[in-house]
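Close look at the chain arrangement
The chain contents come next:
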Amino acid sequence: QVQLVESGGGLVQAGGSLRLSCTVSRSIFSFNGMGWWRQAPGKERELVGIIISGGSTNYGDSVKGRFTISRDSAKNTVSLQMNSLKPEDTAVYYCYVQRSALERYWGQGTQVTVSS
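We now turn to the structure provided with this report. (Residues numbered from 1 in each chain as written. Predicted model: local features only at pLDDT ≥ 70, side-chain atom pairs only at ≥ 80, totals over all residues. Heavy atoms only, no water.)

When helices and strands are tallied, the chain shows 0 helices and 11 strands. Reading the chain from its N terminus to its C terminus gives the helix and strand order β-β-β-β-β-β-β-β-β-β-β. Overall size of the chain, expressed as C-alpha extent along the three principal axes, is 40 × 25 × 25 Å. Considering the chain as a whole, with its 116 residues, one finds that 40% of them fall into the buried category. At a minimum sequence separation of 6, the contacts of the chain that also span at least 24 residues come to 53%. The average position of the 12 basic charges and that of the 8 acidic charges among the side chains of the chain differ by 5 Å. (Helix = DSSP H or I, 4+ residues; strand = E, 2+ residues; numbered from the N terminus. Buried < 20%, exposed > 50% of the residue type's maximum accessible area, 1.4 Å probe, protein only. Contact = heavy atoms within 4.5 Å. Lys, Arg positive; Asp, Glu negative; His and termini not counted. Charge placed at Lys NZ, Arg CZ, Asp CG, Glu CD.)

Under the definition given, this model contains 1 disulfide. Across a sulfur-sulfur distance of 2.0 Å, Cys22 and Cys95 are joined as a disulfide pair. Taking the sign of the S-S torsion, about 50° here, the bridge from Cys22 to Cys95 comes out right-handed. A residue pair is termed long-range when its members are at least 10 positions apart, and Cys22 in strand E3 (residues 18-24) and Cys95 in strand E9 (residues 91-100) qualify at 73 residues. Judged on exposure class, the residue Cys22 and its partner Cys95 are both buried. (Disulfide = S-S within 2.5 Å.)

Written as structure tokens, this is what we have:
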């Protein structure tokens, strides 16, 4: 069983920054993709960003230029640095890792609230 534990969420003012971390119970080398999604109340889950095994990244249009995904194989963590936060970034953020589209594991989610 693969477990993911997120941390770093909280309340921040618009324009501020937060850093989310996700600790994975297995070596992240065993996964070919990892990243973050988010879900705001009443909305569908939205891609924030992904990083694949080769190190390439891809981001949702709404966060490009503001958010950065990184990974640390020594600590088995996937992180999300969020800068220039906006109230519309308020959501529950979920990290995930996957070996394929049919084998994906999720964290429990962490709340990020951005006040105006």
